[in-house]
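If you want the building blocks of each chain, they are given just below.
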Amino acid sequence: MTNSIESKTANEVICATLSDAVKTTPDLVVLTSDSRGSAGMTSFISDNPANSIETGIAEQNLVTVAAGLAHAHKRPFVFSPAAFLTMRSVEQVKVDVAYSKTNVKLIGISGGNSYSNLGTTHHSLQDLAITCAIPNLEVYTPADQFETRALLNYLIHSKKPAYVRVGKRKLDNCYPKDWSTFVPGKANILRNGADICLISAGETLFPTLQAASILATKGIEATVVDLVSIKPLDTELLHKLAQKFNLILSVEEHSIINGIGAQIATIIAQHAHAKLKILGFPDEPAISGTQDEVFAYYGLDAESIAQKAILSLKG
Amino acid sequence: MNTIELQKKALTIREAVWELIYSAKTGHTGSDFSCIDILTALYFDVLQQTPDTFGKPETDTYIQSKGHAVEALYETLALRGYFPKTDLNNFSGFKTHYIGHPTNDIHGIEMNTGSLGHGLGLGVGVALAAKMDKLTKKTFVLMGDGEQAEGSIWEAAMAAGNYHLDNLIGIIDHNKLQISGSTTSVMNSESLASKYTAFGWDVIEINGNDMTDLLDALHQDNLTSKPRLILANTIKGKGISFMENQANWHHKVPSESQYLEGLNELKAQKEALEND
Ligand SMILES: [Mg+2]
C-alpha cells in the first residue's frame with residue numbers, strides 16, 4: 001500500500017493515460033454520450049477534438065458508432081455510466097462489439113454503487129454478471145490508480161473488445177506507485193496468510209485489505225487476492241486457493257447473483273475443499289446513503305468483512 | 001455495366017436464391033427477392049469494392065442492416081467472386097459459416113447483423129472514420145421498412161444529420177410489408193421521407209426494382225452536405241408472381257411445384273431479356 005501518495009479517481013488516471021497515448025496512437029478515439037464531465041474526459045476532448053466524438057444521450061448508438069469506427073481501423077474508447085452502458089446498450093455490446101469482434105473498449109464509469117443516492121436507475125450492480133456472460137468480451141475492474149494505469153496501457157494496445165468497470169470516487173492506493181503489471185486472466189496476491197483467503201476486486205479491495213489488518217490484530221492471518229481480471233478469470237490460482245484454504249470469503253460491489261463470488265463458486269465447486277462465503281449486494285434495489293454508509297449497511301466495510309470472516313471461521 | 005446486363009445478373013441471382021432456399025428448406029424468400037435489384041446495382045456497378053480491395057480503408061463499405069435477406073447477399077457475393085458458389089452447398093448446415101444472417105467470418109461481409117436497427121449506426125461509425133481520415137470512400141447501408149420502428153435507427157439518423165455525413169447513403173427497401181402484415185398496419189412509420197428530411201437527410205424516392213432508377217440514384221452526386229436516403233419502393237417477392245406482395249412469403253420455403261413454377265417464371269423473364 002502507498003498511502004503517502006495522493007489518491008486519485010480512476011477517471012483522472014484514464015484521462016491522463018489516454019491523453020498521453022493519443023500523441024503516439026492517432027487512431028485512438030474517445031466517444032461520450034453527454035458524459036464527458038462524468039467521465040472526467042473534458043480535458044482530453046478539448047485538447048483532442050479530432051479524436052473525440054459526441055453521440056448525445058443515445059447509449060445504443062454510442063456503442064454501435066464505436067463498433068463502426070473500430071471496423072474502420074480506429075481504436076475507440078467509449079465512456080458512459082456503467083448502468084446505461086451495460087443495460088441500455090447490452091445488445092449493441094453483444095452484437096456490434098463482441099460478436100462482430102470490433103476493437104472497442106467500453107469504459108463503464110460511476111460503476112457499482114458510485115451513484116449511491118441517485119437510486120437503482122443509476123446503479124450498476126449487475127454489470128459484471130451481464131458482461132461476463134457475453135462471449136469474446138474481456139471484463140476488468142481495477143482497484144486503484146496504479147492498477148488502472150497498468151490496465152489502460154494494456155487496453156490501448158490490445159486488439160480485443162473489453163468492458164472495464166470503474167467507480168467515481170478517489171481510490172485508496174492498494175499497489176506501490178511503480179506498479180505496471182497487468183496480465184489478462186492474472187490475479188494478484190497482495191497479502192499472504194494461512195488462516196483465510198479474502199478475494200475481491202475494484203473498490204471493495206481496499207476495505208478487504210483493511211479487514212485483513214483487523215484480522216491480524218486478532219491473530220488471524222489472511223491471504224488477500226485482487227481478482228481484477230473478471231474475465232478471463234485466473235482459474236489456475238483459484239483452483240490452488242480452493243485446495244489450500246478451508247474458507248474463502250469473496251467481497252464485491254455487485255449483486256451476489258452471478259458476480260465475482262458466483263464465479264469463484266463455480267471454480268470451487270469443481271475443485272475443492274474450501275467453503276465459500278459471498279459478500280456483496282443482496283438481490284434487491286440498494287438503499288440510499290453515501291457509498292460508505294451503503295457499504296457498511298451491506299457489510300462491505302472493513303469491520304464487517306473482518307467480523308464475517310471470524311464468524312465463518314468459527315463455522 | 002449496362003442496364004440489360006445488370007437485369008440479367010439480377011435474374012441469375014434470383015434463380016440462385018430460389019434454388020438455395022428450396023434446397024436448404026430455409027430462408028427469407030420474399031425479403032431476398034425484394035432487394036436483389038438493389039444488391040445487383042451496388043455490387044456490379046456502384047460500389048468501389050472488389051473481392052481484392054474489400055476491407056481496405058479507402059474501399060467503399062456496404063452494411064446490410066436487414067440481415068435476414070442474407071441469401072440474396074450470399075448469392076450476389078458468390079456471383080461477384082468473393083467466394084466460390086460451392087461454399088453455399090452447406091448453407092445453414094452443420095458447422096457452416098454460411099448461416100441465416102451475415103457474419104464477418106465470410107469474405108465480403110463487413111459486420112454481423114441480424115438483430116434489426118444496428119446497421120445505420122455502424123454506417124455512421126464507418127462514415128465518421130472516413131471523414132476523420134479524409135477518405136473519399138462511401139458507406140452504403142441497406143435497411144428494411146419494418147425495421148424503421150427500431151429506436152436505434154433514429155439515434156443513428158440524428159447523428160448522421162448532426163455530423164453532415166454526406167458520404168453515407170442509407171437505402172430503405174420499402175416493400176410496405178413485414179412479417180405480420182403491412183407496415184402501416186403493424187406500426188405506421190409513414191412518412192419515412194419527411195421523417196428523414198426532418199432528421200437532416202437528403203431524400204430521393206425511386207422504384208427500387210427498376211435498374212435505371214437505381215443507377216441514377218446511387219450514382220447521383222451529393223452536393224447537399226447531408227447524408228442521403230434512397231427510399232426504394234419495392235415489391236416484396238419481386239420476380240415470382242405468386243410471391244409478390246405477400247407478407248406470408250417473408251420466410252416461406254417453396255414446395256416442389258412452387259419451386260418449378262417459380263423457376264419457369266424466372267427463365268421466361270431471362271429469355272425475354274435475351275431477345276431484347
Ligand atoms: Mg418490408
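Note that the structure is predicted; figures quoted are calculated from it, not measured. For every chain, the first residue of the written sequence is number 1, and numbering continues from 1 along that sequence. Each chain is given a letter, starting from A, and each ligand a number, starting from 1, according to the order in which they appear as written. Thresholds applied to this predicted model are a pLDDT of at least 70 for local features of residues and 80 or more for the giving and counting of side-chain atom pairs; totals over whole chains, interfaces and linings are not thresholded and use all residues. Neither water nor hydrogens contribute to the side-chain values; these are computed over all heavy atoms in the structure.

A. Spatial organisation of the pattern of salt bridges. Here a salt bridge means any side-chain nitrogen of Lys or Arg lying within 4 Å of a carboxyl oxygen belonging to Asp or Glu. A full pass over the atoms with the stated rule returns 21 salt bridges over all chains. A salt bridge links E12 of chain A to K170 of chain A; its shortest N-O distance comes to 3.7 Å. Highlighted residues: E12 of chain A in helix α1 (residues 10-21) and K170 of chain A in strand β8 (residues 170-171), separated in sequence by 158 residues. Residue R14 of chain B pairs with D37 of chain B through a salt bridge whose shortest N-O separation is 2.8 Å. Here R14 of chain B is found in helix α1 (residues 3-24), whereas its partner D37 of chain B is found in helix α2 (residues 29-46), with 23 residues between them in sequence. Secondary structure elements follow DSSP: runs of H or I no shorter than four residues count as helices, runs of E no shorter than two count as strands, and numbering proceeds from the N terminus.

B. Region of the structure containing helix α7 (residues 145-157) of chain A. Residues and elements named next belong to chain A. Helix length check: α7, at 13 residues, gives a terminal C-alpha distance of 19 Å against a target of 18 Å (1.5 Å per residue), a fit within 8%. Categorising residues by exposure relies on relative accessible area from a 1.4 Å probe, with only protein chains included: less than 20% of the type maximum marks a residue as buried, more than 50% marks it as exposed, and the intermediate range marks it as partly exposed. Counting buried positions over the 13 residues of α7 gives 10, a clear majority of the element. Among the residues of α7, Q145, F146, E147, T148, A150, L151, L152, Y154, L155 and I156 are the ones counted as buried. Between the side-chain oxygen of the N-cap and the backbone nitrogen of F146 there are 3.0 Å, and the N-cap of α7 in question is D144. Take the number of residues in a helix, subtract one, and multiply by 1.5 Å to get its expected span. By the criterion applied in these results, polar contacts are pairs of N or O atoms within 3.5 Å in which, for protein atoms, one can donate a hydrogen and the other can accept it, and in which residues neighboring in sequence qualify only through two side-chain atoms.

C. Main features of the coordination of the magnesium ion. Residues and elements named next belong to chain B. Only D145 (OD), N175 (OD1) and L177 (O) from the protein coordinate the magnesium ion, and they sit 2.1 to 2.2 Å from it. The sequence pattern describing where the donors of the magnesium ion fall on their chain is D-x29-N-x1-L. Each member of the pair, N175 as well as L177, carries the same accessibility label: buried. Donor criterion used throughout: N, O or S atom within 2.8 Å of the metal, extended to 3.2 Å for Na, K and Ca. Water excluded; incomplete-looking sites may result.

D. Structural view of the side chain of N103 of chain A. Residues and elements named next belong to chain A. Among the structural elements, N103 can be located in the loop between α5 (90-99) and β5 (105-109). At a separation of 2.4 Å, a polar atom in the side chain of N103 contacts the side chain of K105. Only heavy atoms enter the contact rule, under which two residues are in contact if any of them lie within 4.5 Å. Among residues more than four places away in sequence, those in contact with N103 are A70, K74, R75, P76, S158, K159 and K160.

E. Seen up close, the interface of chain B and chain A. Contacts between the two partners involve 26 residues from chain B, matched on the other side by 26 residues from chain A. Accessible area that two parts lose when put together, evaluated with a 1.4 Å probe and summed over both, is termed the buried area. Carbon and sulfur atoms make up 56% of the surface buried where chain B meets chain A, a total of about 2100 Å² over both sides. Of all residues in chain B, the largest losses of buried area upon contact with chain A belong to H118, M132 and E155 of chain B, amounting jointly to 27% of the total for that side. The interface formed by chain B and chain A holds 2 salt bridges in total. Of the charged contacts, one joins D133 of chain B and K74 of chain A as a salt bridge, the two residues approaching to 2.5 Å between their closest N and O atoms. Linking chain B with chain A are 12 residue pairs in polar contact (both at pLDDT 80 or more), by the criterion used here. Listed by contribution, the elements that provide at least two residues to the side of chain B that touches chain A are α4 (119-132) and α5 (151-162) of chain B. With 8 residues, the top contributor of residues to the side of chain B that touches chain A is α4 of chain B. Gly is placed with the polar residues, together with every amino acid not listed as nonpolar (Ala, Val, Leu, Ile, Met, Phe, Trp, Tyr, Cys and Pro) or charged (Asp, Glu, Lys and Arg). Residue composition of the side of chain B that touches chain A, by class: 12 nonpolar, 9 polar and 5 charged.

F. Here's a closer look at unusual backbone geometry. Across the junction of K231 of chain A and P232 of chain A, the peptide omega takes the value 5°, indicating a cis bond. Inspection of the secondary structure puts P232 of chain A in the loop between β12 (229-231) and α9 (235-244). With an omega of -5°, the peptide bond between E190 of chain B and S191 of chain B qualifies as cis. The topology assignment puts S191 of chain B in the loop between α6 (183-186) and α7 (192-198). Even without being glycine, K176 of chain B reaches a positive phi, approximately 65°. Among the secondary structure elements, K176 of chain B is positioned in the loop between β3 (168-174) and β4 (177-178). A relative accessible area of 34% means that K176 of chain B is categorised as partly exposed. In the Ramachandran plot, S225 of chain B falls in the positive-phi region, its phi being about 60° despite a non-glycine side chain.

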